[in-house]
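# Per-entry structural report
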Amino acid sequence: MHSKNRPCAADVPPAMDAEKAARLAFAHDLPLSRHHFVEGEHPVVRIEHLGKTFTDTPVLRDVNLNVWNGEIVVVLGPSGSGKSTMLRCINLLETPTQGHVLIRDQEITGASGASLSLLRRDLGMVFQQFNLFPHLSAKENVVIGQMKVLKKSRAEAEAEAMRQLAAVGLADRAEFKPPQLSGGQQQRVAIARAVAMHPKVLLFDEPTSALDPELVRDVLAVMRDLALNGDMAMIVVTHEMGFAREVADRVVFMEGGVVVEQGLPNDVFDHPKEARTKEFLGSIG
Ligand SMILES: Nc1ncnc2c1ncn2[C@@H]1O[C@H](COP(=O)(O)OP(=O)(O)OP(=O)(O)O)[C@@H](O)[C@H]1O
Ligand SMILES: [Mg+2]
């Protein structure tokens, strides 16, 4: 018997062979991304036929997407198109009902226990609402995961926390607690916390949507720095079109639980192929 939430072997073929999948993904994505592809490279995230149904409502229907080491992918799409659900499936905050998510060729969909904890270390997430511990200082928010999950000593974790807080321009706010910080500062602490874990892939779910307009710029600047100087892949759900155009290696447009169109930022923004992409870009532009 299988659990309703687990991918069902009878319904879904197994994930593709890693070598074959990497070859196909390479050929598919090469013209669609500014990523500097290396011959023989494997994607860091591989999403195959991903489906998620809540009770009777299909929210993701056959999502296929690869993300490469260090690649910056911006995901656009109307409200309810399944963007957050896709990120939450990659991070295993939701269990897919169909298909596969692989991180560095390791299947996370059926993983459990120790192997799941190891895979989770490859992934970080930055949420719209920051999700900081309100009773802990900025520094302690960045320290805690490093000690608990990475088993670092307090001294090591604090040194890394101070490095990351400095990188987001908040060295002088290390002892402040979240309620004493602006929303933009809180989000920068949340980014420092995620980066301090040195994930392979950092997921952002509308990281600037809860911020007053004057605070958005600082957070985007931090993300731009990370994108240009970091070695992490980033999957960023955002409505910040300027950021997408400038920073993204690839733009992915989702609607109705599928990837409708993807490509180089200038191609998708200036010459969208699909009517639904045109309509969406027209509605927000
Ligand atoms: N836990 C849940 N139970 C039932 N339905 C859900 C659940 N989570 C999401 N949904 C539904 O799935 C659909 C897609 O939601 P999702 O949050 O992924 O969209 P989104 O593209 O992130 O939208 P937004 O831009 O508004 O954040 C919505 O119709 C939503 O109501
Ligand atoms: Mg969302």
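See the structure printed just above.
The structure displayed is predicted, hence computed values, not measured ones.

Rules and cut-offs
Residues numbered from 1 in each chain as written. Chains lettered and ligands numbered in written order. Predicted model: local features only at pLDDT ≥ 70, side-chain atom pairs only at ≥ 80, totals over all residues. Heavy atoms only, no water. Core = buried A, V, L, I, M, F, W, Y, C linked by side-chain atoms within 4.5 Å. Buried < 20%, exposed > 50% of the residue type's maximum accessible area, 1.4 Å probe, protein only. Contact = heavy atoms within 4.5 Å. Salt bridge = Lys/Arg side-chain N within 4 Å of Asp/Glu carboxyl O. Helix = DSSP H or I, 4+ residues; strand = E, 2+ residues; numbered from the N terminus. Pairing = 2+ DSSP bridges. Axes fitted to C-alpha atoms, helices over the stretch in contact; angles between N-to-C directions.

Ile-191, Leu-202, Phe-204, Met-223 and Met-234 are the most contacted members of the largest nonpolar core, which has 47 residues in total. If sequence neighbours within four positions are ignored, Ile-191 has contacts with Val-126, Phe-204, Val-219, Val-222, Met-223 and Leu-226. Judged by nonpolar contacts, the second largest core, of 30 residues, contains Ile-47, Ile-90, Leu-119 and Ala-233.

With that out of the way, let us pick up the pattern of salt bridges. Overall, the coordinates contain 17 salt bridges when judged by the stated rule. For Glu-158, the salt bridge goes to Lys-139, with nearest N and O atoms at 3.9 Å. One end of the pair, Glu-158, is in helix H5 (residues 154–167); the other, Lys-139, is in helix H4 (residues 138–148), and 19 residues separate them in sequence. One salt-bridge network, held together by shared partners, links Lys-139, Glu-140, Arg-154, Glu-158 and Glu-175.

Attention shifts here to the environment of Phe-176. Take Phe-176: it is sitting in the loop between H5 and helix H6 (183–196). Take Phe-176: its relative accessible area is 31%, and that puts it in the partly exposed class. Distance from Phe-176 to Ala-138, taken between C-alpha atoms, is 5.8 Å for residues 38 residues apart in sequence.

This paragraph deals with the sheet that holds strand S2 (residues 57–67). Strand order in the open sheet formed by four strands is S2-S1-S4-S5, with antiparallel pairing between adjacent strands. Taken across any chain shown, the strands that pair with only one partner, and hence form the sheet edges, are S2 and strand S5 (106–107). Two elements, strand S1 (residues 45–54) and strand S4 (residues 98–103), share five bridges in a ladder whose sense is antiparallel. Residue pairing in the sheet places Arg-46 in a bridge with Leu-102 of S4. On top of the sheet, helix H2 (residues 83–90) reaches S1, S2 and S4; it is set at about 120 degrees to S1, its chief contact.

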